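Here's the letter readout for the chains.
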Amino acid sequence: MYGKVTLVGAGPGDPGLLTVKGREALLAAQVVVYDRLVSPAILALMPEEAEQINVGKEASRHPVPQDQINHILLEKALEGKNVVRLKGGDPFLFGRGGEELELLREHGVPFEEVPGITSAIAVPAYGGIPVTHRDFTSSLHIVTGHARAGKALDIDFEALVRTKGTLVFLMGVSSLPDICEGLLKAGMDPDTPAAIVERGTTPAQRRLDATVATLARTAAEGKVESPAISIVGQVCSLAKDFDWFDALPLKGKRIVVTRPKERVGTLANRLRKLGADVFEYPCIRTEPITPCPAMEQAVEHLADYEWLAFTSPAGVEAFWAMAQAKGWDARVLAGVKLAAIGAGTDKALQVHGLRADYIPEVYDAAHLGAGLAQRAKGKVLLLRAEWGSPALTEALEGSNIPYDDIPCYTTSYESEHAAALRDLVTAGRVDLVTFTSASTVKGFVSSVGELDFSGLTGVCIGAQTAAEAAKHGIPTVVAERATLDALVNIIIKEGQTNGTH
Ligand code: SAH
């Protein structure tokens, strides 16, 4: 049985611009053959077990020649594999998608094409330039600025100028002087507005405005590099009014989001939508202790306790892993009152149909301890990390509340991205780092090492987290409340007062 090849357009860079159908194809792929311009967040969607082949095309350099790519697709499909060929933008627009299908068709291999959002339209759009506008143009022309090796540009400039339409040039950074000269010689008004947009739709997007007469010089002086798109036409004059993407509050800010390995990137996504260049940094791994006889025994004697307190979602998960192994369900907790350190931990309980009876106003160990000390008449069971914060037990001891403190999971600090992050921090290219617990601070510092952190700002969820960050010489700001919303608010505030690296 032959497999199938699906050509998928990955869009221009912003991972949110992958189509729903493209995402579905990617999730079901057994082999993914991809290009240089596909964003890492989209590559991260590939199933871990899928074979990943990078045929990364650089401008003017093709690490894997086109006919070899065609043969890889054929070969994998003949092995019966479900192959996704992931290409930047739309596969058929200057993407050689057609050539890749020819060989498959000759061999009777089934294929499909999932169109993508093309950079030719999306990059101008993110630059505030609508490619057509009734007041200015009635046509759009998408032109390649790439000349075949050793040949001159094959562009009919007179015809283009006559259309009075919007002109969009792809792959044209190095031939920009020839393109502009060609247009001027063909009679285009030298004052015609023009723009070049580099790395469009990504947090690093940069737009330079010019006229057709000054565009080549502007791009050279601005050291514009590929990938970039040039737009020539009256619509470019709208950019200053429609510049929505550059106006996002966190546009271009590099923000490191530290987090436990298994948590999904909710914060990261919110920051990306605000224009931030997010570096997701999972640096804490939590592992339930299995077997955990101390926890089993305590739960079997739950009637001895009045309260059961959790200080993190990881504690709830460790408890649940054990309960599941024992064949228990939520009723095992029927008689005990539940305390959670904060909303996140309460949410982890809610997943299992439970709700915390008590959550402190301020989400930290000291406040949880103080609150329990006020409420508890009987014994308290703490199911938490191996080295939990002493603030909690000190508060209970201070009020003579009996308790058992049982470690049910271990925490280790590590990250495969440590070297890359160390380079960024050392080069002063990090604006903000978010810390949502003292352990994220520990994870960050133990993995990147003790560096000079004075050039960045640690945005902390609460006072304890900030105290831990301060210990390592990280300048801090603290969210008004220990919630994600408050954290995002203070990030926006900080982002606007700081420069961009
Ligand atoms: N099939 C792709 C185009 C491939 S040609 C599409 O539909 O978008 C590659 C050229 O596309 C680059 O040289 C550049 O001109 C343009 N391009 C692709 N992504 C870009 C981006 N994020 N920003 C600016 N230009 C981009």
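Residues numbered from 1 in each chain as written. Predicted model: local features only at pLDDT ≥ 70, side-chain atom pairs only at ≥ 80, totals over all residues. Heavy atoms only, no water.

**Considering the domain arrangement of the chain**
Accessible area lost on assembly of the parts is the figure often given for the size of an interface.
Right, so step 1: Annotation of the chain at the domain level lists domain 1 (4–117), domain 2 (121–242), domain 3 (254–283 + 415–497) and domain 4 (286–413).
Right, so step 2: Taking only C-alpha atoms into account, the centre of domain 2 sits 61 Å from that of domain 4. (Domains from an automatic or database assignment.)

**Focus: the environment of Gly80**
Right, so step 1: Structurally, Gly80 is set in the loop between helix H3 (66–78) and strand S4 (82–87).
Right, so step 2: Classification of Gly80 as partly exposed rests on a relative accessible area of 33%.
Right, so step 3: When the C-alpha positions of Gly80 and Tyr409 are compared, they lie 43 Å apart, and in sequence the two are 329 residues distant.
Right, so step 4: Excluding its chain neighbours within four sequence positions, the residues that come into contact with Gly80 are Met1, Tyr2, Gly3 and Gln30. (Helix = DSSP H or I, 4+ residues; strand = E, 2+ residues; numbered from the N terminus. Buried < 20%, exposed > 50% of the residue type's maximum accessible area, 1.4 Å probe, protein only. Contact = heavy atoms within 4.5 Å.)

**A look at the packing of aromatic side chains**
Right, so step 1: Applying the stated criterion to the full structure yields nine aromatic pairs.
Right, so step 2: Pairing Trp244 with Phe245 gives two aromatic rings, centres 5.4 Å apart and planes at 65°, and the pair type is edge-to-face.
Right, so step 3: For Phe245, a relative accessible area of 6% translates into the label buried.
Right, so step 4: For the ring pair Phe444 and Phe453, a centre distance of 5.5 Å and an interplane angle of 45° mean the geometry is tilted.
Right, so step 5: Taking the relative accessible area as the measure of exposure, Phe444 reaches 0% and is therefore buried.
Right, so step 6: For Phe453, a relative accessible area of 1% gives the class buried. (Phe/Tyr/Trp six-rings, centres within 6.5 Å; stacked < 30°, edge-to-face > 60°.)

**Let's talk about the sheet that holds strand S11 (residues 254–260)**
Right, so step 1: Judged by pairing direction, the sheet is mixed, and its nine strands sit side by side in the order S14-S13-S15-S16-S12-S11-S17-S18-S19 without closing on themselves. Whereas interior strands pair on both sides, the edge strands pair on one side only; in this sheet they are strand S14 (337–340) and strand S19 (476–478). When strand polarity is set aside, the average angle formed by the axes of neighbouring strands in this sheet is 25°.
Right, so step 2: The strands touched by helix H11 (residues 293–300) within the sheet are strand S13 (305–310), strand S15 (379–385) and strand S16 (403–413), with S16 carrying the most contacts at an inclination of about 145°.
Right, so step 3: Helix-sheet contacts for helix H12 (residues 313–326) involve strand S12 (277–288), S13, S15 and S16, and the interaxial angle to S16 is about 105°. (Pairing = 2+ DSSP bridges. Axes fitted to C-alpha atoms, helices over the stretch in contact; angles between N-to-C directions.)

**Describing the pairing of strand S10 (residues 228–232)**
Right, so step 1: Within S10, five of the five residues are buried, which leaves the element mostly enclosed by the surrounding structure.
Right, so step 2: On S10, burial covers both faces: Ala228, Ser230 and Val232 on one face and Ile229 and Ile231 on the other are all buried.
Right, so step 3: As paired elements, strand S7 (residues 166–170) and S10 share three bridges and run antiparallel to each other. Pairing of Phe169 across the sheet is with Ser230, part of S10.
Right, so step 4: Relative to S10, strand S8 (residues 193–198) runs antiparallel, the two sharing five bridges. When the sheet's bridge partners are listed, Ala195 is paired in S10 with Ile231.

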